[in-house]
Amino acid sequence: MSDMLPRVVLLPKRARPFYGRHPWVFAGAVGAVEGDPADGAEVDLVTNTGVFVARGLFNGQSKIRVRLLSWDADTRLDEEFFRKKILSAIGLRDRLGLNGPGKGCRLVFSEGDGLSGLTVDHYDRWLVVQFTSLGLAQRRDRIVGILEEAIRPEGVYLRTEKGIGQLEGLPLVDGPLSGGPPPGRIIIEEHGLKVLIDLAEGQKTGYYLDQRDNRQEVARLSGGRRVLDAFCYSGGFGLHAARAGASEVIGVDGSAPALALAQENAKLNELENITFHKADVFDDLEQRVGRGEKFGVVVLDPPKFARSRNAVGDALKGYNRLQTMALRLLEPDGILATCCCSGLITQDMLEEQLANVAALTHRDVQMLQRRGPSMDHPVAVGCLETHYLKCLLARVV
Ligand code: SAH
């Protein structure tokens with residue numbers, strides 16, 4: 001069957017990552033393309049001697065020439081294939097108890113679920129779908145059909161990542177794919193807290209589901225403490241801390257719509273020990289350090305600082321500044337939660353950085369937990385880029 005498909009032939013000695021089940025075949029690894037595949041077409045990846053390695057979807061417009069989806073020469077990438085993959089992903093969330101009305105979870109996590117280019121979030125009775133590959137976007141109707149059959153949602157909404165149109169040659173526009181326009185606000189419950197989601201206008205697909213369990217863990221350490229939630233978005237960490245009995249919580253973010261949502265969340269949960277401030281976090285922390293303010297808990301959850309390898313150095317400087325100011329703000333026996341969602345910055349780099357900051361600020365820092373994303377964001381062992389979120393919990397003596 002395999003010989004019927006167009007073939008992408010690897011350069012000599014370039015097959016190893018793909019035998020290791022890494023799904024991205026970059027243009028630089030490709031020696032030749034045989035059979036003139038259209039963009040989005042099914043192709044076989046073969047070694048320079050013609051041995052089958054894997055099967056995937058081609059895109060001549062993307063730096064990722066092929067996204068690999070199957071390592072089995074007898075499996076075609078047809079509707080049945082996608083149904084099986086999607087149902088397997090949903091099965092995991094069911095087993096974790098995260099999937100269902102009133103809840104919020106990531107139903108399909110792209111490479112983490114072996115479906116490079118597809119992200120699906122489930123908020124109460126709504127699905128938000130994101131395509132980051134042309135091949136899967138072309139199969140949109142079939143994929144949405146499978147999701148509808150499995151979940152029977154009230155509606156499905158399409159969100160697109162900034163810049164992806166250009167990277168993949170993808171002409172996508174945000175909007176409802178079925179079920180009409182979604183309600184302005186959807187409510188989900190997260191570890192007992194009610195959270196409002198604006199799935200059409202909110203950041204990303206509306207909410208940062210990957211931090212679900214980290215929020216709960218930080219809240220557990222926040223009782224009776226004054227908490228600073230830097231980069232708070234719709235209130236995430238701070239709201240959980242406020243609910244867990246923090247004496248006072250301050251959330252800081254630069255986005256007015258995010259803070260409006262955060263305010264509504266506080267009201268919905270009848271929390272009065274939390275306030276929000278619109279500011280640049282770097283300036284805000286500096287001013288608080290200058291005023292000699294002290295906190296029992298500081299959360300740093302900045303956006304992705306490093307988007308390319310060249311940006312890693314500057315990104316580390318950014319984390320350094322934030323952590324230095326956080327340590328200055330923490331009272332003795334304080335708790336620091338420092339998060340990083342740049343895939344290019346590794347756990348080791350983040351820890352080394354924290355050690356430097358601890359030494360420079362003359363503080364003893366004890367690492368309590370090295371945490372990652374919640375389990376609805378599984379990490380594919382063959383594609384460690386899926387382990388993008390790190391969250392270090394430390395005690396600052
Ligand atoms: N902690 C949040 C998620 C944070 S996402 C949660 O638990 O849901 C990162 C946030 O940083 C976004 O809300 C964005 O608006 C904000 N942001 C980015 N750069 C900023 C800056 N320099 N100052 C203040 N906020 C910033």
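Caption draft 1: Up close: the overall build of the protein. The helix and strand inventory of the protein stands at 11 helices and 20 strands. Here the contacts in the protein between residues at least 6 apart in sequence split such that 63% fall between residues at least 24 apart. Total accessible area computed for the protein in this model is approximately 17200 Å², and 50% of it derives from carbon and sulfur atoms. Charge separation in the protein, taken as the distance between the mean sites of 49 positive and 51 negative side-chain charges, equals 3 Å.

Caption draft 2: Structural view of the packing of helix α10 (residues 312-329) against helix α11 (residues 347-360). Following both chains from N to C, one finds α10 and α11 inclined at 45°, their axes separated by 10 Å at the closest point. Considering their axes alone, α10 and α11 lie oblique with respect to each other. For α10 against α11, the interelement crossing comes out right-handed. Taking contact as the criterion, the partners of Val312, Leu316, Tyr319, Asn320, Gln323, Thr324 and Leu327 in α10 are, on α11, Met349, Leu350, Gln353, Leu354, Val357 and Ala358. Grouping the constituent residues of the contact of α10 with α11 by class yields nine nonpolar, four polar and no charged.

Caption draft 3: Up close: the site of the ligand. Around the ligand, the structure places 16 residues, and the nearest of them are Phe231, Asp253, Asp280, Val281 and Asp301. One of the backbone nitrogen or oxygen atoms of Phe231 is found 2.9 Å away from a nitrogen atom of the ligand. Contacts to the ligand include Gly254, whose backbone N or O atom sits 2.9 Å from a nitrogen atom. Coverage of the ligand by the protein chains reaches 87% of its 580 Å² of free accessible surface. A breakdown of the residues in the shell around the ligand according to their chemical character gives eight nonpolar, four polar and four charged.

Caption draft 4: Representation of the domain arrangement of the protein in the model. The assigned domain composition of the protein is domain 1 (2-70), domain 2 (79-178) and domain 3 (208-396). Computed from C-alpha coordinates alone, the two centres of domain 1 and domain 2 are separated by 24 Å. On the side of domain 2, 18 residues touch domain 1, which itself brings 13 residues to the contact. The junction of domain 1 with domain 2 conceals about 1100 Å² of combined surface from both sides, 52% of it contributed by carbon and sulfur atoms. Seen at the junction of domain 1 and domain 2, the total is two salt bridges. Between Glu111 and Arg67 there is a salt bridge; the shortest N-O distance is 3.6 Å. For the interface between domain 1 and domain 2, the tally reads nine residue pairs in polar contact (both at pLDDT 80 or more). With three residues, the top contributor of residues to the side of domain 1 that touches domain 2 is strand β6 (residues 64-70). Here the residues of the side of domain 1 that touches domain 2 are counted per class, giving five nonpolar, five polar and three charged.

Caption draft 5: The arrangement of the sheet that holds strand β8 (residues 118-123) in detail. Reading across from one edge, β7-β8-β9-β10-β11 is the order of the five strands in this open sheet, with mixed pairing throughout. Every other strand in the sheet has two partners, leaving β7 (104-109) and β11 (175-178) as the edge strands with one partner each. Adjacent strand axes in the sheet meet at a mean angle of 25° when their direction is disregarded. Bridging between β7 and β8 involves five bridges; their strand directions are antiparallel. Among the inter-strand pairings, Phe109 is bridged to a residue of β8, identified as Thr119. Its contacts with the sheet place helix α4 (residues 140-151) against β7, β8, β9 (126-131), β10 (155-158) and β11, and it is angled at close to 155° to β9.

Caption draft 6: Structural context of α10. Between its first and last C-alpha atoms α10 spans 26 Å; for 18 residues at 1.5 Å apiece the expected length is 26 Å, and the two agree. The complete set of buried residues in α10 reads Val312, Ala315, Gly318, Tyr319, Leu322, Gln323, Thr324, Met325, Ala326, Leu327 and Leu329.

Caption draft 7: Looking closely at the packing of helix α2 (residues 79-95) against α4. Running from N to C, α2 and α4 point in directions that differ by 45°, and their axes come no closer than 10 Å. In this view, α2 runs oblique relative to α4, as classed from their interaxial angle. Judged by the sense of rotation from one axis to the other, the crossing of α2 with α4 is right-handed. Where α2 approaches α4, its residues Glu79, Phe82, Arg83, Ile86, Leu87 and Ile90 are matched on the opposing element by Arg142, Ile143, Ile146, Leu147, Glu149, Ala150 and Ile151. The residue inventory of the contact of α2 with α4, partitioned by class, reads nine nonpolar, no polar and four charged.

Caption draft 8: Fine view of the side chain of Arg139. Tracing the sequence through the fold places Arg139 in the loop between α3 (134-138) and α4. Glu42 provides the closest opposite charge to the buried, unpaired Arg139, separated from it by 5.4 Å. With residues near it in sequence (within four places) discarded, Arg139 still touches Gly40, Ala41, Glu42, Leu57, Leu77 and Phe82.

Caption draft 9: Examining the environment of Gly313 more closely. Relative to the assigned elements, Gly313 resides in helix α10. Given the relative accessible area of 39%, Gly313 is considered partly exposed. It is 9.6 Å that separates the C-alpha atoms of Gly313 and Ile345, two residues lying 32 residues apart in sequence.

Caption draft 10: Seen up close, unusual backbone geometry. Notably, Lys13 is not glycine yet its phi reads approximately 65°, a positive angle. Along the chain, the position of Lys13 falls in the loop between β1 (7-10) and α1 (16-19). Taking the relative accessible area as the measure of exposure, Lys13 reaches 83% and is therefore exposed. A positive phi angle, near 65°, is found at Phe231, a position not held by glycine. With relative accessibility at 15%, the residue Phe231 sits in the buried group.

Criteria and thresholds
Residues numbered from 1 in each chain as written. Predicted model: local features only at pLDDT ≥ 70, side-chain atom pairs only at ≥ 80, totals over all residues. Heavy atoms only, no water. Helix = DSSP H or I, 4+ residues; strand = E, 2+ residues; numbered from the N terminus. Contact = heavy atoms within 4.5 Å. Areas by Shrake-Rupley, 256 points an atom, 1.4 Å probe, with all protein chains shown as cover. Lys, Arg positive; Asp, Glu negative; His and termini not counted. Charge placed at Lys NZ, Arg CZ, Asp CG, Glu CD. Axes fitted to C-alpha atoms, helices over the stretch in contact; angles between N-to-C directions. Parallel < 35°, antiparallel > 145°, perpendicular 65-115°, else oblique. Left-handed = near helix turned anticlockwise from the far one by under 90°. Nonpolar A, V, L, I, M, F, W, Y, C, P; charged D, E, K, R; others polar. Near = heavy atom within 4 Å. Polar contact = N/O pair within 3.5 Å; in protein donor to acceptor, adjacent residues only side chain to side chain. Domains from an automatic or database assignment. Buried area = accessible area lost by both parts, 1.4 Å probe. Salt bridge = Lys/Arg side-chain N within 4 Å of Asp/Glu carboxyl O. Pairing = 2+ DSSP bridges. Expected span 1.5 Å × (residues − 1). Buried < 20%, exposed > 50% of the residue type's maximum accessible area, 1.4 Å probe, protein only.

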